[in-house]
Amino acid sequence: MTQVSPLPTAAELDRQVQRLYAVARRARTIAGILAHPQATGDGVEYACARIPRARSAAQRLLALPGVADHEETPYALSFLTAAERQLNAPSTGLLRIAAAARQAAARADAADDDFGVVVFRDIEERCRLLVDAAVVAPVLGRRGWSARDRTASEALQQQAARWGLTKGANSARVTAPSLADFAPTVSTHLSQQAAARAAARTRCTAGIRCTESTCLSYGAVKVTYLVDSWLCADCIKAANTRLTAEGHTPDTVRPVPEGTPESGRYTVMLYNATGRGARSVECSSPQRAQFIAETERPFNNTGYTIQVAAPSRN
(Lines give C-alpha, C1' and ligand atoms only; values in the text may rest on other atoms or scores of the structure.)
Protein backbone atom coordinates (compact mmCIF):
# COMPACT_ATOMS: atom_id res chain seq x y z
CA MET A 1 0.00 0.00 0.00
CA THR A 2 1.29 3.39 -0.98
CA GLN A 3 1.73 5.82 1.97
CA VAL A 4 0.74 9.46 1.61
CA SER A 5 3.67 11.71 2.43
CA PRO A 6 2.95 14.35 5.12
CA LEU A 7 5.26 16.77 3.32
CA PRO A 8 3.52 19.35 1.14
CA THR A 9 4.20 19.60 -2.55
CA ALA A 10 6.36 22.47 -3.79
CA ALA A 11 3.30 24.19 -5.25
CA GLU A 12 1.40 23.90 -1.97
CA LEU A 13 4.36 25.22 0.01
CA ASP A 14 4.74 28.18 -2.35
CA ARG A 15 1.05 28.93 -1.97
CA GLN A 16 1.30 29.02 1.83
CA VAL A 17 4.36 31.29 1.68
CA GLN A 18 2.47 33.62 -0.63
CA ARG A 19 -0.32 33.74 1.95
CA LEU A 20 2.29 34.66 4.56
CA TYR A 21 3.56 37.41 2.28
CA ALA A 22 0.02 38.75 1.86
CA VAL A 23 -0.63 38.82 5.61
CA ALA A 24 2.68 40.52 6.39
CA ARG A 25 2.44 43.10 3.62
CA ARG A 26 -1.11 43.96 4.61
CA ALA A 27 0.06 44.51 8.18
CA ARG A 28 2.81 46.83 6.97
CA THR A 29 0.29 48.83 4.92
CA ILE A 30 -2.03 49.16 7.90
CA ALA A 31 0.91 50.25 10.06
CA GLY A 32 1.26 53.25 7.78
CA ILE A 33 -1.79 54.68 9.54
CA LEU A 34 0.27 54.86 12.73
CA ALA A 35 2.96 56.93 11.03
CA HIS A 36 0.53 59.57 9.78
CA PRO A 37 0.38 62.62 12.07
CA GLN A 38 -3.27 63.31 11.18
CA ALA A 39 -4.52 59.77 11.83
CA THR A 40 -7.95 59.66 13.45
CA GLY A 41 -8.76 57.83 16.65
CA ASP A 42 -10.78 55.22 14.74
CA GLY A 43 -7.91 54.65 12.33
CA VAL A 44 -5.41 54.17 15.15
CA GLU A 45 -7.66 51.69 16.97
CA TYR A 46 -8.21 49.80 13.72
CA ALA A 47 -4.47 49.46 13.13
CA CYS A 48 -3.80 48.50 16.75
CA ALA A 49 -6.37 45.70 16.47
CA ARG A 50 -5.40 44.39 13.02
CA ILE A 51 -1.64 44.11 13.45
CA PRO A 52 -1.80 41.61 16.38
CA ARG A 53 -4.37 39.62 14.39
CA ALA A 54 -1.92 39.54 11.49
CA ARG A 55 0.74 38.09 13.83
CA SER A 56 -1.71 35.37 14.91
CA ALA A 57 -2.48 34.53 11.28
CA ALA A 58 1.24 34.41 10.51
CA GLN A 59 1.85 32.01 13.42
CA ARG A 60 -0.80 29.64 12.08
CA LEU A 61 0.87 29.68 8.67
CA LEU A 62 4.32 29.12 10.20
CA ALA A 63 2.97 26.01 11.93
CA LEU A 64 2.27 24.39 8.56
CA PRO A 65 4.89 21.89 7.35
CA GLY A 66 7.82 23.52 5.58
CA VAL A 67 6.68 27.16 5.85
CA ALA A 68 8.96 28.16 8.73
CA ASP A 69 12.00 26.71 6.94
CA HIS A 70 11.24 28.24 3.55
CA GLU A 71 14.00 30.51 2.26
CA GLU A 72 11.65 33.44 1.70
CA THR A 73 9.95 33.27 5.10
CA PRO A 74 12.40 35.61 6.92
CA TYR A 75 11.92 38.27 4.28
CA ALA A 76 8.14 37.93 4.46
CA LEU A 77 8.21 38.21 8.24
CA SER A 78 10.31 41.39 8.03
CA PHE A 79 7.18 43.25 6.87
CA LEU A 80 5.27 42.06 9.90
CA THR A 81 8.16 42.92 12.22
CA ALA A 82 8.23 46.46 10.83
CA ALA A 83 4.49 46.79 11.43
CA GLU A 84 4.86 45.60 15.03
CA ARG A 85 7.72 48.01 15.56
CA GLN A 86 5.47 50.86 14.46
CA LEU A 87 2.67 49.53 16.68
CA ASN A 88 4.92 49.67 19.75
CA ALA A 89 6.55 52.99 18.87
CA PRO A 90 6.07 55.93 21.28
CA SER A 91 4.52 57.91 18.44
CA THR A 92 1.58 55.49 18.38
CA GLY A 93 0.89 56.31 22.00
CA LEU A 94 0.95 59.99 21.11
CA LEU A 95 -1.66 59.39 18.40
CA ARG A 96 -3.91 57.80 21.01
CA ILE A 97 -3.42 60.82 23.25
CA ALA A 98 -4.14 63.17 20.34
CA ALA A 99 -7.44 61.39 19.64
CA ALA A 100 -8.43 61.53 23.31
CA ALA A 101 -7.47 65.21 23.48
CA ARG A 102 -9.61 65.98 20.42
CA GLN A 103 -12.62 64.35 22.07
CA ALA A 104 -11.94 66.19 25.33
CA ALA A 105 -11.70 69.51 23.46
CA ALA A 106 -15.05 68.82 21.78
CA ARG A 107 -16.65 68.16 25.17
CA ALA A 108 -15.10 71.34 26.59
CA ASP A 109 -16.40 73.32 23.61
CA ALA A 110 -19.91 71.97 24.16
CA ALA A 111 -19.67 73.12 27.78
CA ASP A 112 -18.38 76.60 26.79
CA ASP A 113 -15.11 75.83 28.60
CA ASP A 114 -12.71 77.97 26.60
CA PHE A 115 -9.69 77.22 28.77
CA GLY A 116 -10.27 73.47 28.35
CA VAL A 117 -10.60 73.82 24.57
CA VAL A 118 -7.31 75.69 24.31
CA VAL A 119 -5.39 73.31 26.58
CA PHE A 120 -6.66 70.09 25.00
CA ARG A 121 -6.17 71.37 21.45
CA ASP A 122 -2.63 72.37 22.36
CA ILE A 123 -1.95 68.84 23.62
CA GLU A 124 -3.34 67.37 20.41
CA GLU A 125 -1.28 69.70 18.22
CA ARG A 126 1.96 68.95 20.07
CA CYS A 127 1.30 65.21 19.85
CA ARG A 128 0.79 65.36 16.09
CA LEU A 129 3.88 67.51 15.60
CA LEU A 130 5.97 64.92 17.46
CA VAL A 131 4.45 62.10 15.39
CA ASP A 132 5.47 63.97 12.25
CA ALA A 133 8.98 64.51 13.65
CA ALA A 134 9.31 60.75 14.31
CA VAL A 135 9.28 59.93 10.59
CA VAL A 136 12.61 58.53 9.42
CA ALA A 137 13.46 59.43 5.82
CA PRO A 138 17.23 59.88 5.32
CA VAL A 139 16.76 60.86 1.69
CA LEU A 140 14.72 63.84 2.88
CA GLY A 141 17.08 64.58 5.74
CA ARG A 142 14.65 63.30 8.35
CA ARG A 143 16.25 61.05 10.97
CA GLY A 144 13.52 60.70 13.56
CA TRP A 145 13.39 62.08 17.05
CA SER A 146 16.19 64.04 18.60
CA ALA A 147 16.98 63.88 22.32
CA ARG A 148 14.90 67.03 22.73
CA ASP A 149 11.91 65.39 21.00
CA ARG A 150 12.13 62.36 23.32
CA THR A 151 12.15 64.62 26.36
CA ALA A 152 9.17 66.54 24.99
CA SER A 153 7.32 63.26 24.36
CA GLU A 154 7.84 62.07 27.94
CA ALA A 155 6.70 65.41 29.36
CA LEU A 156 3.65 65.42 27.09
CA GLN A 157 2.64 61.91 28.15
CA GLN A 158 2.94 62.89 31.81
CA GLN A 159 0.77 65.94 31.20
CA ALA A 160 -1.81 63.83 29.35
CA ALA A 161 -1.87 61.30 32.17
CA ARG A 162 -2.75 64.00 34.68
CA TRP A 163 -5.86 64.82 32.67
CA GLY A 164 -6.88 61.23 31.95
CA LEU A 165 -5.93 61.22 28.27
CA THR A 166 -3.64 58.19 28.33
CA LYS A 167 -4.52 54.63 27.37
CA GLY A 168 -6.75 52.89 29.86
CA ALA A 169 -8.27 56.08 31.24
CA ASN A 170 -12.04 56.28 31.27
CA SER A 171 -12.97 58.94 28.72
CA ALA A 172 -15.90 59.99 30.90
CA ARG A 173 -13.47 60.84 33.70
CA VAL A 174 -11.25 63.24 31.75
CA THR A 175 -10.53 66.10 34.11
CA ALA A 176 -11.46 69.46 32.63
CA PRO A 177 -8.54 71.81 33.28
CA SER A 178 -9.38 74.66 35.60
CA LEU A 179 -7.82 78.06 35.07
CA ALA A 180 -7.40 78.44 38.83
CA ASP A 181 -5.67 75.05 39.20
CA PHE A 182 -3.43 75.10 36.14
CA ALA A 183 -2.79 78.76 35.34
CA PRO A 184 0.65 78.73 37.06
CA THR A 185 1.80 75.81 34.89
CA VAL A 186 0.18 76.87 31.62
CA SER A 187 2.10 79.14 29.28
CA THR A 188 1.10 82.78 28.99
CA HIS A 189 0.34 82.17 25.32
CA LEU A 190 -2.34 79.58 26.14
CA SER A 191 -3.84 81.76 28.85
CA GLN A 192 -4.07 84.62 26.36
CA GLN A 193 -5.70 82.33 23.80
CA ALA A 194 -8.29 81.21 26.34
CA ALA A 195 -9.02 84.82 27.33
CA ALA A 196 -9.36 85.85 23.67
CA ARG A 197 -11.72 82.95 23.01
CA ALA A 198 -13.86 83.87 26.02
CA ALA A 199 -13.98 87.50 24.86
CA ALA A 200 -15.08 86.39 21.39
CA ARG A 201 -17.83 84.25 22.91
CA THR A 202 -19.09 87.28 24.83
CA ARG A 203 -19.04 89.48 21.71
CA CYS A 204 -20.89 86.92 19.65
CA THR A 205 -23.85 86.68 22.03
CA ALA A 206 -25.28 89.66 20.10
CA GLY A 207 -25.28 87.67 16.85
CA ILE A 208 -23.54 87.94 13.50
CA ARG A 209 -21.06 90.74 12.91
CA CYS A 210 -21.80 93.33 10.25
CA THR A 211 -19.88 92.53 7.07
CA GLU A 212 -19.08 96.18 6.29
CA SER A 213 -15.31 96.43 6.75
CA THR A 214 -15.53 99.68 8.70
CA CYS A 215 -18.27 98.49 11.08
CA LEU A 216 -17.70 96.59 14.31
CA SER A 217 -21.36 96.07 15.23
CA TYR A 218 -22.86 92.68 16.06
CA GLY A 219 -26.46 91.59 15.62
CA ALA A 220 -26.50 92.10 11.84
CA VAL A 221 -29.25 90.61 9.67
CA LYS A 222 -29.33 88.97 6.26
CA VAL A 223 -30.19 91.55 3.59
CA THR A 224 -31.47 91.59 0.03
CA TYR A 225 -29.50 92.66 -3.07
CA LEU A 226 -26.02 92.45 -1.53
CA VAL A 227 -24.78 88.87 -1.84
CA ASP A 228 -23.46 87.19 1.32
CA SER A 229 -23.93 90.41 3.29
CA TRP A 230 -25.08 90.79 6.87
CA LEU A 231 -25.71 94.41 7.84
CA CYS A 232 -26.65 96.31 10.96
CA ALA A 233 -29.41 98.95 10.87
CA ASP A 234 -27.00 101.85 10.38
CA CYS A 235 -25.16 100.13 7.52
CA ILE A 236 -28.47 99.27 5.80
CA LYS A 237 -29.29 102.98 5.75
CA ALA A 238 -25.81 103.87 4.51
CA ALA A 239 -25.98 101.22 1.76
CA ASN A 240 -29.37 102.49 0.57
CA THR A 241 -28.12 106.07 0.56
CA ARG A 242 -25.12 105.06 -1.53
CA LEU A 243 -27.18 102.97 -3.97
CA THR A 244 -29.87 105.64 -4.34
CA ALA A 245 -27.18 108.17 -5.27
CA GLU A 246 -26.01 105.70 -7.93
CA GLY A 247 -29.51 105.55 -9.45
CA HIS A 248 -30.95 102.47 -7.75
CA THR A 249 -34.48 102.24 -6.41
CA PRO A 250 -34.81 103.60 -2.87
CA ASP A 251 -34.63 101.00 -0.10
CA THR A 252 -33.07 98.39 -2.38
CA VAL A 253 -31.32 96.83 0.60
CA ARG A 254 -33.78 95.43 3.14
CA PRO A 255 -33.65 92.74 5.82
CA VAL A 256 -34.67 89.34 4.45
CA PRO A 257 -37.95 88.31 6.14
CA GLU A 258 -37.12 85.60 8.68
CA GLY A 259 -33.63 85.58 7.16
CA THR A 260 -31.84 85.49 10.51
CA PRO A 261 -33.66 82.87 12.60
CA GLU A 262 -32.52 82.27 16.16
CA SER A 263 -32.65 78.55 15.43
CA GLY A 264 -31.61 77.65 11.88
CA ARG A 265 -29.05 75.81 9.77
CA TYR A 266 -26.13 78.18 9.50
CA THR A 267 -23.09 77.25 7.44
CA VAL A 268 -19.76 78.91 8.12
CA MET A 269 -17.39 78.59 5.16
CA LEU A 270 -13.77 78.99 6.28
CA TYR A 271 -11.46 79.52 3.32
CA ASN A 272 -7.81 80.22 2.64
CA ALA A 273 -7.72 83.89 1.67
CA THR A 274 -4.27 83.59 0.05
CA GLY A 275 -4.38 80.11 -1.48
CA ARG A 276 -6.37 76.94 -1.91
CA GLY A 277 -8.40 75.19 0.71
CA ALA A 278 -11.74 75.54 2.45
CA ARG A 279 -13.92 73.73 4.94
CA SER A 280 -17.41 74.30 6.26
CA VAL A 281 -18.92 74.08 9.74
CA GLU A 282 -22.64 73.81 10.38
CA CYS A 283 -24.18 75.63 13.35
CA SER A 284 -27.68 75.96 14.77
CA SER A 285 -27.67 79.62 15.81
CA PRO A 286 -26.24 82.94 14.58
CA GLN A 287 -24.26 83.31 17.81
CA ARG A 288 -22.53 79.98 17.32
CA ALA A 289 -21.90 80.69 13.65
CA GLN A 290 -20.17 84.00 14.38
CA PHE A 291 -18.18 82.43 17.21
CA ILE A 292 -16.88 79.70 14.89
CA ALA A 293 -16.05 82.31 12.25
CA GLU A 294 -13.94 84.29 14.72
CA THR A 295 -12.19 81.47 16.58
CA GLU A 296 -11.53 78.68 14.06
CA ARG A 297 -8.38 79.27 12.00
CA PRO A 298 -7.58 76.24 9.81
CA PHE A 299 -5.37 78.37 7.53
CA ASN A 300 -2.73 80.99 8.16
CA ASN A 301 -4.93 83.63 6.52
CA THR A 302 -8.50 82.49 7.08
CA GLY A 303 -11.49 84.30 5.66
CA TYR A 304 -15.12 83.37 6.21
CA THR A 305 -18.65 83.70 4.93
CA ILE A 306 -21.85 82.82 6.77
CA GLN A 307 -24.96 81.47 5.07
CA VAL A 308 -28.28 80.35 6.47
CA ALA A 309 -30.34 77.64 4.80
CA ALA A 310 -33.61 77.45 6.71
CA PRO A 311 -35.04 77.69 10.21
CA SER A 312 -34.84 74.52 12.29
CA ARG A 313 -38.05 72.52 12.53
CA ASN A 314 -38.88 71.55 16.11
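Residues numbered from 1 in each chain as written. Predicted model: local features only at pLDDT ≥ 70, side-chain atom pairs only at ≥ 80, totals over all residues. Heavy atoms only, no water.

Draft legend 1. Broad picture of the overall build of the protein. Within the protein, the regular secondary structure consists of ten helices and seven strands. The C-alpha radius of gyration computed for the protein amounts to 28 Å, which surpasses the reference 20 Å derived for 314 residues by more than 25%, pointing to a less compact arrangement than a globule. The C-alpha extent of the protein, read off along each of the three principal axes, is 110 × 50 × 45 Å. Put simply, the protein has 314 residues, and 39% of those count as buried. As presented, the protein carries roughly 18,300 Å² of accessible surface, and 53% of it is formed by carbon and sulfur atoms. Seen as two clouds, the 37 positive and the 29 negative side-chain charges of the protein have centres 4 Å apart. (Helix = DSSP H or I, 4+ residues; strand = E, 2+ residues; numbered from the N terminus. Rg over C-alpha atoms; globule rule 2.2 N^0.38 Å. Buried < 20%, exposed > 50% of the residue type's maximum accessible area, 1.4 Å probe, protein only. Areas by Shrake-Rupley, 256 points an atom, 1.4 Å probe, with all protein chains shown as cover. Lys, Arg positive; Asp, Glu negative; His and termini not counted. Charge placed at Lys NZ, Arg CZ, Asp CG, Glu CD.)

Draft legend 2. Inspection of helix α6 (residues 147–162) at higher detail. Between its first and last C-alpha, α6 extends 23 Å over 16 residues, near the 22 Å set by a 1.5 Å rise per residue. Among the residues of α6, D149, S153, L156, Q159 and A160 are the ones counted as buried. One side of α6 carries all its buried residues, which in axial view fall inside an arc of 130 degrees. More than 90 degrees from the buried face of α6, the exposed residues found are A147, T151, E154, Q158 and R162. Those residues of α6 that are buried lie in contact with α4 (90–110) and α5 (114–133). Two residues or fewer past α6, G164 is found with a positive phi of approximately 70 degrees. (Expected span 1.5 Å × (residues − 1). Arc of directions from axis to C-beta. Contact = heavy atoms within 4.5 Å.)

Draft legend 3. Representation of the confidence of the model for the protein within the structure. Summary statistics for the protein give a mean pLDDT of 89 and a share of 90% for residues scoring 70 or more. Segment residues 1–5: pLDDT under 50, and zero contacts once partners within four positions in sequence are set aside and those in other chains are kept. Segment residues 169–173: pLDDT under 50, and two contacts once partners within four positions in sequence are set aside and those in other chains are kept. (pLDDT = per-residue confidence, 0-100.)

Draft legend 4. How the structure looks around helix α1 (residues 10–31). In this model α1 runs 32 Å from its N-terminal to its C-terminal C-alpha over 22 residues, within 8% of the 32 Å that 1.5 Å per residue would give. Where α1 is concerned, the buried positions are L13, Q16, V17, L20, Y21, V23, A24, A27, I30 and A31. Where α1 is buried, its residues touch α2 (41–62) and α3 (73–87).

Draft legend 5. Structural detail: the pairing of strand β6 (residues 278–283). In this structure, strand β5 (residues 264–272) lies alongside β6, joined through six bridges in antiparallel fashion. Counted as the bridge partner of Y271 is A278 from β6. (Pairing = 2+ DSSP bridges.)

Draft legend 6. Spatial organisation of the pairing of β5. By the alternation rule, side chains of β5 split into G264, Y266, V268, L270 and N272, which are all buried, and R265, T267, M269 and Y271, of which none is buried. As consecutive antiparallel partners, β5 and β6 are separated by five residues, and within that stretch G277 has a phi angle of approximately 120 degrees, a positive value.

Draft legend 7. Expanded view of the pattern of salt bridges. If you walk through the whole model with that rule in mind, you get 16 salt bridges. The closest approach of N and O atoms between R197 and D114, which form a salt bridge, is 3.0 Å. Linking R197 in helix α8 (residues 188–203) with D114 in helix α5, this pair joins segments that are 83 residues apart in sequence. With relative accessibility at 7%, the residue R197 sits in the buried group. By sharing partners, the salt bridges in this structure join D109, D112, D114, R197, R201 and R288 into a single network. (Salt bridge = Lys/Arg side-chain N within 4 Å of Asp/Glu carboxyl O.)

Draft legend 8. Spotlight on the packing of α4 against α5. At a minimum axis distance of 8 Å, the contact between α4 and α5 shows a crossing angle of 160 degrees. The orientation of α4 with respect to α5, classified from their angle, is roughly antiparallel. The element α4 and its partner α5 pack so that their crossing is left-handed. Counted together, S91, L94, L95, I97, A98, A99, A101, R102, A104, A105, A108 and D109 of α4 and G116, V117, F120, R121, I123, E124, C127, R128, L130 and V131 of α5 form the full contact between these two elements. Here the residues of the contact of α4 with α5 are counted per class, giving 15 nonpolar, two polar and five charged. (Axes fitted to C-alpha atoms, helices over the stretch in contact; angles between N-to-C directions. Parallel < 35°, antiparallel > 145°, perpendicular 65-115°, else oblique. Left-handed = near helix turned anticlockwise from the far one by under 90°. Nonpolar A, V, L, I, M, F, W, Y, C, P; charged D, E, K, R; others polar.)

Draft legend 9. Summary view of the nonpolar core. L20, L94, I123 and L165 are the most contacted members of the largest nonpolar core, which has 50 residues in total. When residues no more than four places from it in sequence are discounted, the contact partners of L20 are A58, L61, L62, V67, T73, A76 and L77. Among the nonpolar cores identified, the runner-up in size contains 23 residues, and C210, A239, I292 and A293 belong to it. (Core = buried A, V, L, I, M, F, W, Y, C linked by side-chain atoms within 4.5 Å.)

Draft legend 10. Representation of the side chain of T73 in the model. Positionally, T73 belongs in helix α3. Here T73 falls in the buried class, since its relative accessible area comes to 2%. Of note is the side chain of T73, whose polar atom sits 2.5 Å from the backbone oxygen of V67. The residues contacting T73, other than those within four sequence positions of it, are V17, L20, L62, V67 and A68. (Polar contact = N/O pair within 3.5 Å; in protein donor to acceptor, adjacent residues only side chain to side chain.)

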